[in-house]
Amino acid sequence: MSDTVGAGARPRAGAVTLADVREAVNGVALWCPDDSPAVTGVVAADLMSDVLVDARSGCVLVTGLVNLQVIRTAAIADLAAVVFARGKAVPADIVDLARQMHLPVFASRDSLFEAAGRLYAVFGGAPGEPGARRQA
Amino acid sequence: MTDAEFVRAYEIVGADFTNAGRASTGIKEALKDMGLPSALIRRVAIAAYEAEMNLVMYARRGTMTLHVTPNDVTIDVRDEGPGIPDIQLAMQEGYSTATPAMREMGFGAGMGLPNIKRNTDELVVTSEVHRGTTLLMKVHVG
């Protein structure tokens, strides 16, 4: 299962950028040459099969899964960036592949739940509010 | 793009998770170079990647062949593997024979074939148990 927020959420003033995402999750940029691009939403998932079904192009993927397929999945689906949550170590070969594929990657010590919650708020969502699009 | 047809084949090795996805990435790059619309490229890339991951997870080896004409993008996937005993069942969302190792990779949720169908205009699956599976996927241009 994955959850996607973005399109239906109440927009905040101005576009949400990669810099906003990094700040929200207290992230460290593992590779990000430019954090000014806008992002369209967030998908939180550990199952790449779900990402390939649910994620819209331009979304940021937040995941606790760390392997090469995360990078390839995000690049295939035209995602804006990947945030590796839960403070997991991200091996150099994964960062190298991200660089080769021009996909910004960040690491955060937040749990997947915390990171998704903070990013939900960045996109203007609040608990119980309609607007955030939930997908099974 | 030009009126000329474009054909490129990619060899895929079963259980090679280090390189899984390279063929689909190559297909995506080739379609970008042709200047096709990004939404179409995304559909083709997702369908190709789902098929490639299925091949890497289940088959011994196989090929993916990209064939582009002014009207269609076609990907022909052929593998040597266990085959699919019941294609109709395999097309159902959530049906999966994935191992725990496959699920740990982030795949095997039983969404592969249904998602390929969702992202293509035509899909023909043929399979022979203990021999292999063939997918013919087509997306119309324009």
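Residues numbered from 1 in each chain as written. Chains lettered and ligands numbered in written order. Predicted model: local features only at pLDDT ≥ 70, side-chain atom pairs only at ≥ 80, totals over all residues.

### Let's talk about helix α5 (residues 112-122) of chain A
Think of an α-helix as 3.6 residues a turn; residues three or four steps apart then line up on the same face. Residue and element names in this part refer to chain A. To keep it simple, the criterion reads: Burial is judged by counting other C-beta atoms within 10 Å of a residue's own C-beta: 20 or more means buried, 12 or fewer means exposed, and anything between counts as partly exposed, with every C-beta placed from the backbone. Helix and strand assignments follow DSSP, with helices taken as H or I runs no shorter than four residues and strands as E runs no shorter than two, numbered in order from the N terminus. What the arc covers is the set of directions going from the helix axis to the C-beta atoms.
Within the sequence span of α5, burial applies to A115, A116, L119 and Y120. The arc that holds the buried residues of α5, viewed along the axis, is 135°, so those residues lie on one side. One or two positions beyond α5, positive phi appears at G124, with a value near 90°.

### Description of the interface of chain B and chain A
Threshold: What counts as a contact is two residues whose backbone-derived C-beta atoms lie within 7 Å of each other. Under the scheme applied here, ten amino acids are nonpolar (Ala, Val, Leu, Ile, Met, Phe, Trp, Tyr, Cys and Pro), four are charged (Asp, Glu, Lys and Arg), and all others, including Gly, are polar.
Every contact between the two is made by 18 residues of chain B and, on the other side, 18 residues of chain A. Within the residue set of the side of chain B that touches chain A, elements represented by two or more residues are α1 (22-33), α2 (38-58) and α5 (112-119) of chain B. Ranked by residue count, the leading element in the side of chain B that touches chain A is α2(B), at 5 residues. For the side of chain B that touches chain A, the residue count by class is 8 nonpolar, 7 polar and 3 charged.

### Some thoughts on helix α3 (residues 68-76) of chain A
Among the 9 residues in α3(A), 8 count as buried, and that is most of the element. Within the sequence span of α3(A), burial applies to Q69(A), V70(A), I71(A), R72(A), T73(A), A74(A), A75(A) and I76(A). Where the residues of α3(A) are buried, they touch α2 (48-54), β4 (59-63), β5 (81-84) and α4 (92-100) of chain A together with α1 and α2 of chain B. D78(A) lies just past α3(A) and shows a positive phi near 60°.

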